[in-house]
There are 2 protein chains.
Amino acid sequence: MKMEEIRIGILGGGQLGKMLNYTANQWNLPLALLDQQPEFPAGVNSWKFTTGDFKNYEDVMAFGGHLDILGIEIEHVNLQALYDLEAQGTKVHPRPAVLEIIKDKYLQNQFYRKHKLPTVAFDRYDNAEEIKTAVSNGTLVLPFVQKTRGEGYDGRGVQMVNQPEDLDKLLQGPSIVEGKVKIKKELAVVTARNEAGDIQCYDPVEMVFNDQNMLDFLYAPATIPEKIHDQLMNIAHDTMQKYAISGLMAIEFFWTTDDEILINEVAPRPHNSGHHTLENAVTNQFEQHLRGLLNLPLGDTKLLQPAAMLNILGEPDYTGIPVYHGMEDVLALDNVHIHIYGKPETRPYRKMGHVTVCGTDRIEIEDKIEYIKKTLKVITS
Amino acid sequence: MKMEEIRIGILGGGQLGKMLNYTANQWNLPLALLDQQPEFPAGVNSWKFTTGDFKNYEDVMAFGGHLDILGIEIEHVNLQALYDLEAQGTKVHPRPAVLEIIKDKYLQNQFYRKHKLPTVAFDRYDNAEEIKTAVSNGTLVLPFVQKTRGEGYDGRGVQMVNQPEDLDKLLQGPSIVEGKVKIKKELAVVTARNEAGDIQCYDPVEMVFNDQNMLDFLYAPATIPEKIHDQLMNIAHDTMQKYAISGLMAIEFFWTTDDEILINEVAPRPHNSGHHTLENAVTNQFEQHLRGLLNLPLGDTKLLQPAAMLNILGEPDYTGIPVYHGMEDVLALDNVHIHIYGKPETRPYRKMGHVTVCGTDRIEIEDKIEYIKKTLKVITS
């Protein structure tokens, strides 16, 4: 393999592309990226940044037609182009057939059912009316969670239906309805696989929620009993084995009050729940993703120290050119690592960066997280 | 401080500039770099790469005139321009007056003598004839080491004079002559300072030599008695305090068979002997350099695990567009981190990259180093 001659590209040039470039730069790998504007995060450190729309058939074909290997950093890409590129001989990771399953919550859950992988009980509906009918029939009982079959992420495309009035807020179009489970913890495992079939999993990560039940930060490794840890690792391994894609797959889980482990959903790419690995793992998730895409031996997933990862979101009342307030104060903290993605515009709750806090004492780590939440703000000038 | 508004630049766009960009990219710091070709290593990940010659007065003035802070990644820059930029109000790190001392081995050694910092005994000579005269007079006795006062690095500008025939190989021009010391180990300490006067030092690094007495690899932390460790740390701290510059300074030492610690020379920038910190320290040397330049609080220098660092040099018989042979085999090793700088041309013994091997067992680390030396080769196609 001559690294410098590998024709490899990624659909997407956001923060995940930027962080993939860290390893590409280190290896001198000529990683090409496709996204709409070179002002997007990955523009600063790309070997080659191609301007185009990864949702547009022609743009993806033109970009991928020159490549031996094509990966993604976002799921919402033109699927038909991926199928056609694959037919032309480009190695597309994840395989389009798997991406099609993952992009549709119904097909995804069906996949788990078929392969006897544990997931939440679910049913599909073609539209909101059908759901209302099912409720009045008594075949569907509240509370439940509705999820659209199309393009939802980061909480979009999800509707909680706890009481009859919530039925007015049902999402339109095809969807699935999942029973509401009582959750002890939400957990995630980042897995990786290469074409040779080797699979490696990072230790589980725990989502920590605040008083208002909003995601506060992620903590790795998750504070969980060994039995639960082992179950998670086994299911994560099996799930990746069944999907059998190359590169990363992050798997989100519910650990229920009945001590069940249920798969919530997956993302076949680098993921928020693996960002801490940049600082605290032998191999970070971005390097691991490239190892998977290139069919290299996977790296060691060992964590060197515990870490918490806090997303830095745009402040609610600000839209425009971002200004980062409080950087200097946060940089004064020991073993705290700031990542500012460099997006050209901040918007309310938009992911503008993240901070990883490493250490050995969880209390001390959480104190630093509290301080950072109060201190580091993304506003406009 | 608004990070995104800081006008900061670096003279040099080689591998050290590229690795400085890792942190600049992570912080979204608009770091500008000046060097001759954007094909040089730092071209791939620079916010702004300015084409120009850092040895040229006009180029440095034009580049630095727009900046609040100017740093370097190489010493051989136009000194007059730095003095003039400093006079105009640009913060130049290191201060030109210190850089002038460091660039001249005679002034550098005089500095240590003046500040009672331990260094090798030395004398200055204006030319090779003076040295020969001193030898025939008996005022200078063999063996000794001759070092030119001008621009020498990586062994260039240094001549060993062990026997009378070596006098024919004397370097021309002004030089100093140092007594030859019996060395137990060669060691280095990377120090950092910010304008506020805070000083932090990384643990000492040890140069390991092979049977032919050529530098083989660096090992951190150095395997040395606690007493020697403490002496090194104290002298390193004092040396940085006397120079009083902002940013990094790597200090190279001799530990003699008489258990003396002597300063050999310093480099006021990121340095080979700090490369391992990218993988095994809480704060890597490149981030630390930027913290020093920006007058931020310095980061924690703690090493998380031992590491060896091996330079990857161009093979002796190859000049031209580089090809990296054996990458895949080396990437198969656990906890081994390859850095390929991406220089457009390889030349015999040119530094083309480095590999860091981390671990807890020194024997295992050295076995991996041996394997990498045999496996990873920079040739041409």
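About the criteria used
- Residues numbered from 1 in each chain as written.
- Chains lettered and ligands numbered in written order.
- Predicted model: local features only at pLDDT ≥ 70, side-chain atom pairs only at ≥ 80, totals over all residues.
- Heavy atoms only, no water.
- UniProt positions renumbered as here; feature names shortened; annotations may be inferred.
- Contact = heavy atoms within 4.5 Å.
- Buried area = accessible area lost by both parts, 1.4 Å probe.
- Salt bridge = Lys/Arg side-chain N within 4 Å of Asp/Glu carboxyl O.
- Polar contact = N/O pair within 3.5 Å; in protein donor to acceptor, adjacent residues only side chain to side chain.
- Helix = DSSP H or I, 4+ residues; strand = E, 2+ residues; numbered from the N terminus.
- Nonpolar A, V, L, I, M, F, W, Y, C, P; charged D, E, K, R; others polar.
- Buried < 20%, exposed > 50% of the residue type's maximum accessible area, 1.4 Å probe, protein only.
- Pairing = 2+ DSSP bridges.
- Axes fitted to C-alpha atoms, helices over the stretch in contact; angles between N-to-C directions.
- Core = buried A, V, L, I, M, F, W, Y, C linked by side-chain atoms within 4.5 Å.
- Least-squares fit on C-alpha atoms with pLDDT ≥ 70 in both.
- Domains from an automatic or database assignment.

By the naming in an unreviewed UniProt entry, chain A goes by N5-carboxyaminoimidazole ribonucleotide synthase and is assigned to Membranihabitans marinus. On record in UniProt, under Subunit (unreviewed entry), the comment for chain A is "Homodimer."

Considering the interface of chain A and chain B
By a widespread convention, an interface's size corresponds to the accessible area lost as its parts come together. With 39 residues of chain A at the contact, the number on the chain B side is 39 residues. Both sides of the chain A and chain B interface together cover about 3,500 Å² of buried area, and 54% of this is carbon and sulfur. At the boundary of chain A and chain B, one finds zero salt bridges. Taken together, the connections running from chain A to chain B amount to nine residue pairs in polar contact (both at pLDDT 80 or more). Elements with a contribution of two residues or more to the side of chain A that touches chain B: α1 (15-27), β17 (322-325), α10 (327-331) and β18 (336-340) of chain A. For the side of chain A that touches chain B, the residue count by class is 19 nonpolar, twelve polar and eight charged.

Examining the environment of alanine 196 of chain A
All names here are of chain A. Among the structural elements, alanine 196 can be located in the loop between β10 (183-193) and β11 (199-201). The class for alanine 196 is exposed, based on a relative accessible area of 66%. Distance in space between the C-alpha atoms of alanine 196 and asparagine 295 is 6.7 Å, their sequence separation being 99 residues.

Side note on the sheet that holds strand β8 (residues 158-161) of chain A
Strands in a sheet are paired, the pairing made by backbone hydrogen bonds, and the direction either parallel or antiparallel. All names here are of chain A. Read across the sheet, four strands follow the order β6-β9-β7-β8 without closing on themselves; strand pairing throughout is antiparallel. Sheet topology places β6 (122-125) and β8 at the edges, where each strand pairs with a single neighbour. For this sheet, the mean angle separating the axes of adjacent strands, direction not counted, is 25°. Sheet analysis places β6 next to strand β9 (residues 175-179), joined by four bridges and oriented antiparallel. Bridge assignment links arginine 124 to a residue of β9, and that residue is isoleucine 176.

Re the pattern of salt bridges
All names here are of chain B. Under the defined criterion, the tally for this structure stands at 38 salt bridges over all chains. Close ionic contact of arginine 149 with aspartate 104 constitutes a salt bridge, the shortest N to O distance being 2.7 Å. Highlighted residues: arginine 149 in the loop between β7 (144-148) and β8 (158-161) and aspartate 104 in the loop between α4 (96-103) and α5 (105-114), separated in sequence by 45 residues. Accessibility classification places arginine 149 together with aspartate 104 in one group, the buried group. Ionic pairing is found between aspartate 166 and lysine 169, a salt bridge with its closest N-O pair at 3.3 Å. Its relative accessible area of 6% is what places aspartate 166 among the buried residues.

Remarks on the nonpolar core
By size, the foremost hydrophobic cluster in this structure holds 45 residues, and its most contacted members are Ile372 of chain A together with Ile8, Trp27, Leu29, Leu290 and Leu294 of chain B. Element by element, the count of residues in this core is highest for helix α1 (residues 15-27) of chain B, at six residues. With residues near it in sequence (within four places) discarded, leucine 290 of chain B still touches Ile8, Leu20, Thr23, Ala24, Trp27, Leu29 and Leu31 of chain B. Ile10, Leu16 and Leu29 of chain A together with Tyr219 of chain B belong to the second largest nonpolar core, which has 44 residues in total.

Re the relation of the copies chain A and chain B
Of the transformation placing chain A onto chain B, the axial shift is 0.0 Å and the rotation is 180°, giving an RMSD of 0.0 Å. Accordingly, the operation relating the two chain copies is best matched by a two-fold axis. It is asparagine 45 of chain A whose C-alpha, among those of chain A, lies nearest the rotation axis, at 1.9 Å. A symmetric contact is evident, with 100% of the interface residues of chain A recurring at the interface of chain B.

Points about the domain arrangement of chain A
Split into domains, chain A comes out as domain 1 (3-92), domain 2 (121-179) and domain 3 (183-380). For domain 2 of chain A versus domain 3 of chain A, the separation of C-alpha centres amounts to 28 Å.

Focus on unusual backbone geometry
Residue and element names in this part refer to chain A. The omega angle of the peptide bond from alanine 220 to proline 221 is 0°, so this bond is cis rather than trans. Mapping proline 221 onto the fold places it in the loop between β13 (215-220) and α7 (226-243). The residue asparagine 335 is not glycine, and still its phi comes out positive at about 60°. One can find asparagine 335 in the loop between α10 and β18. For asparagine 335, a relative accessible area of 9% translates into the label buried.

Structural notes on the pairing of strand β10 (residues 183-193) of chain B
Residue and element names in this part refer to chain B. Two strands pair when backbone bridges link them, and β10 and strand β14 (residues 247-256) are joined in this way by ten bridges, in the antiparallel orientation. Within β14, the position partnered with threonine 191 by the bridge is methionine 249. Examined bridge by bridge, β10 and strand β12 (residues 205-209) share three bridges and lie antiparallel to one another. If you follow alanine 188 over to β12, its bridge partner there is valine 205. Summarising the sheet, β10 and strand β11 (residues 199-201) pair through three bridges and their orientation is antiparallel. Paired with arginine 193 across the strands is isoleucine 199, a residue of β11.

A few points about the UniProt feature "binding site: ATP" (unreviewed entry) in chain A
Residues and elements named next belong to chain A. Per the UniProt record, "binding site: ATP" (unreviewed entry) is annotated on Lys105, Lys147, Glu178, Gly179, Lys180, Val181, Glu186, Asn264 and Glu265. Mapped onto the fold, lysine 147 is located in strand β7 (residues 144-148). Discounting residues that sit within four places of it in the chain, lysine 147 has contacts with Lys105, Gly157, Val158, Ser175, Ile176, Glu178 and Asn264. Looking at the element boundaries, glutamate 186 is found in strand β10. Each residue touching glutamate 186, except ones within four places of it in the same chain, is listed here: Val205, Glu206, Met207, Phe209, Phe253 and Phe254.

Things to note about the sheet that holds strand β3 (residues 48-51) of chain A
All names here are of chain A. In spatial order, the strands read β3-β2-β1-β4-β5; together these five strands make up an open sheet with parallel pairing. Two strands in the sheet have a free side with no partner beyond their single neighbour: β3 and β5 (91-92). Where strand β1 (residues 8-11) and strand β4 (residues 69-72) come together, four bridges link them in parallel fashion. Residue leucine 11 lies in a different strand from β4, and its bridge partner there is isoleucine 72. Packed on one face of the sheet, helix α2 (residues 57-64) meets β1, β2 (31-35), β3 and β4 and runs near 170° to β2.

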